[in-house]
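A closer look at the structure
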Amino acid sequence: MSDAIESVLHEDRTFPPPPAFQAQARLSSLEEYERLYEQSIQDPETFWDGIAKELPWIEPYQRVLDWSQAPRAQWFTGGKLNASAVCLDQHLESRGDQTAILWEGEPGDVVRLTYRELHAQVCRFANVLRERGIKRGDRVAIYMPMIPELAMAVLACARIGAVHSVVFAGFSAQALADRIDDGGCTAVITADGGWRRGKVLPLKPAVDEALVGREGVHTVLVARRTENEIDWIEGRDVWLGEALQAASAECAPEPMDAEDLLFLLYTSGSTGKPKGIMHTTGGYMVGTYLTTRYVFDLRDDDVYWCTADVGWITGHSYIVYGPLANGARVVMYEGAPNAPHPGRFWELCEKHGVTVFYTAPTAIRAFMKWGDEHVERYDLSKLRLLGTVGEPINPEAWIWYHRTIGGERCPIVDTWWQTETGGIMLTPLPGVTTTKPGSCTRPFFGVDAAVLSESGTELEANQGGLLAIRRPWPSMLRGIWGDEQRFRETYWSQWPGIYFPGDGARRDADGYFWIMGRVDDVINVSGHRLSTMEVESALVSHESVVEAAVVGRPDDLTGQAIVAFVTPAAGAQAGDALAAELAGHVATEIGKLARPAEIRFTDALPKTRSGKIMRRLLRDIAAGVEIVGDTSTIEDYSVLAKLRGYDD
Ligand code: WTA
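Residues numbered from 1 in each chain as written. Predicted model: local features only at pLDDT ≥ 70, side-chain atom pairs only at ≥ 80, totals over all residues. Heavy atoms only, no water.

1. Describing the site of the ligand
- Within the structure, the ligand sits among 17 residues, and Asp414, Thr415, Thr419, Asp503 and Arg529 are positioned closest to it.
- The separation between a nitrogen atom of the ligand and a polar side-chain atom of aspartate 414 is 2.7 Å.
- When isolated, the ligand has an accessible area of 530 Å², and the protein chains bury 96% of it.
- Counting residues per element, the ones that place at least two in the shell around the ligand are α13 (313–325) and β25 (513–518).
- Taken together, the residues of the shell around the ligand sort by class into 6 nonpolar, 6 polar and 5 charged. (Near = heavy atom within 4 Å. Polar contact = N/O pair within 3.5 Å; in protein donor to acceptor, adjacent residues only side chain to side chain. Areas by Shrake-Rupley, 256 points an atom, 1.4 Å probe, with all protein chains shown as cover. Helix = DSSP H or I, 4+ residues; strand = E, 2+ residues; numbered from the N terminus. Nonpolar A, V, L, I, M, F, W, Y, C, P; charged D, E, K, R; others polar.)

Right, dumping it as structure tokens:
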């Protein structure tokens, strides 16, 4: 750990915006950025009012911000709008025949939808939902592969005011069931399956399993994609394609209050249960609209591709809502980056003329490992801007991205944000900011970020501390579904009135932010945040396990890899066979991405006297580094000595 921070400290290369890029950028002068930033902080209401006016409101808002019930912010109170109308209806006249979504399936099938066509499909979809009795305020779970119907499902829910809760299709039936229960969902939208590395990933069977005994779900809409055989429950299950064909292509958008819930999206926390992060309509749309416009510098002829899955916040904000609100041409891809070959993404960039490309550091590290020859085969000269998100990018990967993908002519925007923030918070502006590899640079408009000590004093340059956001922003979370207490404790109890994102950071002498990772116990595997507690509870649900502690260790490829320390039950045979069985068990319970990379058996775990497992020590042991932290609270020192023995 300390090594990673060290190498970052020594990073002093800087990259000013390339002049050719800058000459055409939406924002191209540092003075302009500083002027706007200053205004957005000194007089946020005027700033955000100016931006929000650009959206098509059904009824105007009376007030920009009401922070009187902090930490529950209310933005654009009294205003009415509909997120699907912001994404679709407003473009019908100006760009109805322009491509909205250019989708490619893993097998190479292509679907191109204009704004007019997407609008019609979303209206039909919305009517299908209504016919099935789904109404404003109902929660709908979406568990789908990356097919156009996924984007349509999200927008159709928004159109009728139903709250979508997208569950990443890599999650297991159990994880889906937990999220359906927590959100009180009454319908599920899914597909028979999706294509993943040449194989069918069956989804409908997982939905069936998740719904056993869940009578509250009255409807399952099924898109046909892979034609795998599936079971069918008459009355509950509906083929989406047939229903769409029969539905009318006209559906007036439901006028939603700015503060009406738009969606729930579950994210891991440091204690067991996933948190249903709540985002509302007005502020979220204003935030994603503006960040997309300036961070990705979108212009009319851009072909924009964000490689995330819509199952994560990046897909919500920067595949669906932000880009469509801006009238962009959005590329969407179903498959993995290395199927059928490791050059697949670059092949797609060439084929569709991608100009703006947004991906994650874990993907970039995989591309580096697979070799430059898979990149060099393709013409990437149309690319003009690159982005990254999800975890800190190591300078080596940044430089590789810059040279090999960007041909040294594309700025890189390293964007820091979270499910909770709804949109990008710390980021370069590509025509303005001189970038430094590994730094997400400076705050976006309206973001008052700082590095504070635990007690809340602002730290000096280059001192590591806790990242803090000192003012409300439009796309901020409005709560955790069904758990106000946890919302206050998790994000607002570190310092009064200040948002605590849970990341460590330092700010350098130029005011640039360098993120140092999570300070709690969440593991970030390939850009996916997983709760150690969730993996632990999956492990202890196995009969051969008494106790388990899970930590992340640094991994060149996936950012972090999961290491599980497991105390076997009496009579259980600790060894490779049990380790393999447990890893498989976690994959079934949570999903493959949670499968531990390593399982170590131990008779006891290091604990404090109050019984808390000392994950901090386990992290050092897992990483194979010397334990440097304070061990004075440990209950039994012999446990540590034994655990370290496993490293020899
Ligand atoms: C981490 C993803 C460093 C961070 C949008 C944050 C980053 C968590 C960056 C949120 C970045 C995200 N540099 N770290 N550019 N972007 N992170 O909710 O720890 O899946 O708190 O949202 O990812 O992950 P989430």
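Following the structure, the description resumes.
2. Comments concerning the sheet that holds strand β4 (residues 99–104)
- In space, the 7 strands of this open sheet follow the order β5-β4-β17-β16-β18-β19-β20, with mixed pairing throughout. Because the sheet does not close on itself, it has two edges, and the strands there are β5 (110–114) and β20 (412–414). Adjacent strand axes in the sheet meet at a mean angle of 15° when their direction is disregarded.
- In terms of strand pairing, strand β19 (residues 385–388) meets β20 through 3 bridges, oriented parallel. (Pairing = 2+ DSSP bridges. Axes fitted to C-alpha atoms, helices over the stretch in contact; angles between N-to-C directions.)

3. Some words on the pairing of strand β24 (residues 503–507)
- Most of β24 is tucked away: 4 of the 5 residues are buried.
- Alignment of strand β22 (residues 465–469) against β24, held across 2 bridges, turns out to be antiparallel. The residue bridging leucine 466 from the neighbouring strand is glycine 504, located in β24.
- Across 5 bridges, the pairing between β24 and β25 is antiparallel. The residue of β25 that forms the bridge with arginine 506 is tryptophan 514.
- Between β24 and β25, which follow one another and run antiparallel, lie 5 residues, and glycine 511 among them has a positive phi close to 85°. (Buried < 20%, exposed > 50% of the residue type's maximum accessible area, 1.4 Å probe, protein only.)

4. Side note on the nonpolar core
- Phe296 and Tyr321 are the most contacted members of the largest nonpolar core, which totals 123 residues.
- The leading source of residues in this core is helix α8 (residues 148–160), at 10 residues.
- Formed by 46 residues, the second largest nonpolar core is a distinct cluster that contains Ala173, Val525, Val550 and Ala594. (Core = buried A, V, L, I, M, F, W, Y, C linked by side-chain atoms within 4.5 Å.)

5. Some remarks on the pattern of salt bridges
- Tallying each qualifying case throughout the model produces 38 salt bridges.
- With a closest N to O distance of 2.8 Å, aspartate 109 and arginine 225 form a salt bridge. Of this pair, aspartate 109 sits in the loop between β4 and β5 while arginine 225 sits in the loop between β11 (219–223) and β12 (237–239), placing them 116 residues apart in sequence.
- Exposure remark for aspartate 109: the relative accessible area of 30% places this residue in the partly exposed category. (Salt bridge = Lys/Arg side-chain N within 4 Å of Asp/Glu carboxyl O.)

6. Observations concerning the sheet that holds β22
- Spatial ordering of the open sheet is given by β21-β22-β24-β25, a layout of 4 strands whose pairing is antiparallel. Single-partner strands in this sheet number two, and they are β21 (449–452) and β25. Averaged over all pairs of adjacent strands, the angle between their axes in this sheet comes to 45°, without regard to strand direction.
- Where β21 and β22 come together, 4 bridges link them in antiparallel fashion. Bridge pairing in β22 links alanine 450 to alanine 468.

7. A look at the environment of leucine 385
- Within the fold, leucine 385 resides in strand β19.
- It is 8.6 Å that separates the C-alpha atoms of leucine 385 and phenylalanine 21, two residues lying 364 residues apart in sequence.
- With residues up to four places along the chain from it excluded, the contact list for leucine 385 reads Phe21, Val295, Phe296, Asp297, Thr355, Val356, Phe357, Cys410, Pro411, Val413 and Pro430. (Contact = heavy atoms within 4.5 Å.)

8. Thoughts on the packing of helix α15 (residues 361–370) against helix α17 (residues 395–405)
- For the pair α15 and α17, the least separation of the axes is 10 Å and the interaxial angle reads 70°. In terms of orientation, α15 and α17 fall into the roughly perpendicular class. The segment α15 lies against α17, with Ile364, Arg365, Phe367 and Met368 engaging Glu396, Ala397, Trp400 and Tyr401.
- Along the lines of polarity and charge, the residues of the contact of α15 with α17 split into 6 nonpolar, no polar and 2 charged. (Parallel < 35°, antiparallel > 145°, perpendicular 65-115°, else oblique.)

9. Focus on helix α3 (residues 30–42)
- Taking 1.5 Å per residue, 13 residues should reach 18 Å; α3 reaches 18 Å between its end C-alpha atoms and fits that length.
- Within α3 the residues assigned to the buried category are Tyr33, Leu36, Tyr37, Ser40 and Ile41. Viewed end-on, α3 has its buried residues packed into an arc of 130°, placing them on one side of the element. Facing away from the buried side of α3, by more than 90 degrees, are the exposed residues Glu31 and Gln42.
- Residues of α3 that are buried in the fold lie against α4 (44–52). (Expected span 1.5 Å × (residues − 1). Arc of directions from axis to C-beta.)

Everything listed is a geometric property; what it means functionally is a separate question.
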